[in-house]
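A look at the structure
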Amino acid sequence: MAHAAGSPAAASRRRWWHLRQRWRMVGVFEVNQEHEFYHLTCMMKEGMRAAIQATTETSGQDTPAAEEFKVKQSHEGFEMLTFAASAFAKVRRSVDVTGEEYVSSFCSEDCYLQFVSNSKSKADFFITNDKRFFLKTQSKREVRFLLSNLQAYMDHLEKYPHSLLVRFLGVHRIVIPNQMKKYFIVMQSVFYPDDRIDIRYDIKGCEVGRWTDPDEGGKQTLKVLKDNNFKGQSIALGQEESWFAGQVKADAAFLQGIRVLDYSLLLALQPLHADELEGKHSFANLVVRTTKSMDLDDTPAGSDPPSPPAAAETMAASEAPLQETHDSELQEFLEHHRRLLPDCKNAIHMVDGPDHRYFVGIIDIFTVYGWKKRLEHAWKCVRYPGRAFSTVRPAKYSHRFCQWIQDHCQ
């Protein structure tokens with residue numbers, strides 16, 4: 001019997017139809033049974049469930065041990081290899097991603113989503129249905145590079161818990177005998193939660209090839225604008241400006257140290273609602289955000305982290321002690337490169353300005369300045385004399401990247 005037009009089942013179908021239409025407009029497609037990658041994503045889902053369980057059972061080994069610590073698991077029709085499982089579990093804990101949340105996102109009954117962008121990358125991008133985590137296919141060379149620098153990456157995140165580098169949460173390989181071998185990495189989405197985000201940028205700090213036509217229609221792709229689209233605009237961070245510029249400089253110095261170039265700053269902005277603006281300045285919210293910031297931060301050797309006021313003291317605080325406490329804690333943040341984190345699950349990639357919330361993250365850190373890039377640099381010097389292009393020495397790329405941030409922040 002057909003369902004009535006007003007029945008719950010019909011309403012549910014209409015709701016999902018509208019949701020799929022919205023996804024299509026932004027270049028996100030449900031990987032359903034008719035999709036070419038459906039079986040691959042089913043294997044990813046099954047493999048991820050087993051890998052997370054195995055990591056839980058072998059927790060305690062937090063060092064990467066280069067590429068040697070691997071977990072191989074056989075499934076019906078394929079096998080999955082997980083690299084440095086416990087090391088990546090440590091990264092997940094550092095951003096407060098529990099095992100239950102990880103399983104819930106990756107292993108729910110809902111289909112993964114395919115992300116289609118205007119990026120030049122040939123990689124395939126998938127997103128968990130809740131849009132919290134990315135899965136991206138990578139070459140064997142890129143995976144080896146990440147694993148060989150994993151300890152340095154983790155050391156940097158430990159030194160700078162508020163680093164803007166994208167958080168890598170897992171590296172895996174799926175093999176179907178005699179058919180396919182795919183490497184993929186798991187990343188935290190920089191743009192989560194994406195409610196009210198309607199404009200996104202990919203910034204490299206150069207000009208050649210850095211324009212996207214914002215009015216181009218007819219393509220089901222998520223429009224990510226570039227450097228030249230950002231001309232005449234600024235990132236208004238207010239009191240967070242100096243911290244932000246300093247953290248970009250620290251992250252760029254790390255990438256220069258491992259001889260990487262061509263990385264990007266993902267940038268999106270979201271207007272703050274009136275209630276968010278009011279709540280941001282409340283003392284209760286300050287305590288919550290202070291506690292969150294300290295939980296994520298490192299503490300200098302031989303010192304104790306400053307403690308937020310106790311609940312009873314918070315209730316009884318007068319305006320004078322409140323201002324004194326506020327000023328002293330902010331001073332501590334400045335001294336130790338801390339910042340007040342928004343009270344959101346993915347706060348590590350968010351910075352609040354006076355009027356907007358900015359989503360920021362540094363991605364694509366796999367391009368090494370080897371002989372191929374040196375040749376490309378020489379060719380572009382002839383092709384684009386006097387112009388700024390992306391293929392330059394890591395030191396120059398780092399300096400130019402930081403200069404762009406400095407020039408566009410206020």
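Residues numbered from 1 in each chain as written. Predicted model: local features only at pLDDT ≥ 70, side-chain atom pairs only at ≥ 80, totals over all residues. Heavy atoms only, no water.

**Some points on the pattern of salt bridges**
In the structure shown here, the tally under the stated rule is 14 salt bridges. Close ionic contact of Asp194 with Lys131 constitutes a salt bridge, the shortest N to O distance being 3.6 Å. In this pair, Asp194 sits in the loop between β8 (180-188) and β9 (200-203) while Lys131 sits in the loop between β5 (125-127) and β6 (133-138), placing the two residues 63 residues apart along the sequence. A relative accessible area of 14% places Lys131 in the buried class. For Lys373, the salt bridge is made with Glu376, and the minimal N-O distance between the two is 3.1 Å. With Lys373 and Glu376 both in helix α12 (residues 371-383), this residue pair falls three residues apart, about one helical turn. (Salt bridge = Lys/Arg side-chain N within 4 Å of Asp/Glu carboxyl O. Helix = DSSP H or I, 4+ residues; strand = E, 2+ residues; numbered from the N terminus. Buried < 20%, exposed > 50% of the residue type's maximum accessible area, 1.4 Å probe, protein only.)

**Things to note about the pairing of strand β12 (residues 264-271)**
A regular strand carries its side chains on alternate faces of the sheet. Most of β12 is tucked away: six of the eight residues are buried. Pairing between β9 and β12: four bridges, direction antiparallel. Looking at β12, one finds that Ile203 is bridged to Leu265. The pairing of β12 with strand β14 (residues 356-363) spans eight bridges and is classified as antiparallel. Residue pairing across strands places Pro271 opposite His356, the latter belonging to β14. (Pairing = 2+ DSSP bridges.)

**A word on the sheet that holds strand β10 (residues 225-226)**
Pairing in this open sheet of five strands is mixed, and the strands run β10-β9-β12-β14-β13 from one edge to the other. In this open sheet, the two strands that pair with only one neighbour each are β10 and β13 (350-352). Here helix α7 (residues 241-257) sits on the sheet in contact with β12, β13 and β14, set at roughly 10° to β14. Strands in contact with helix α13 (residues 394-408) are β9, β12 and β14; relative to β12, the strand with the most contacts, it is inclined by about 20°. (Contact = heavy atoms within 4.5 Å. Axes fitted to C-alpha atoms, helices over the stretch in contact; angles between N-to-C directions.)

**Examining α13**
Taking 1.5 Å of rise per residue, 15 residues should cover 21 Å, and α13 covers 21 Å from first to last C-alpha, within 8% of that figure. Of all the residues in α13, the buried ones are Pro394, Tyr397, Ser398, Arg400, Phe401, Cys402, Trp404, Ile405 and His408. Looking at the packing, one finds that the buried side of α13 touches β9, α7, β11 (260-261), β12 and β14. (Expected span 1.5 Å × (residues − 1).)

By themselves, these figures tell us nothing about what the structure is for.
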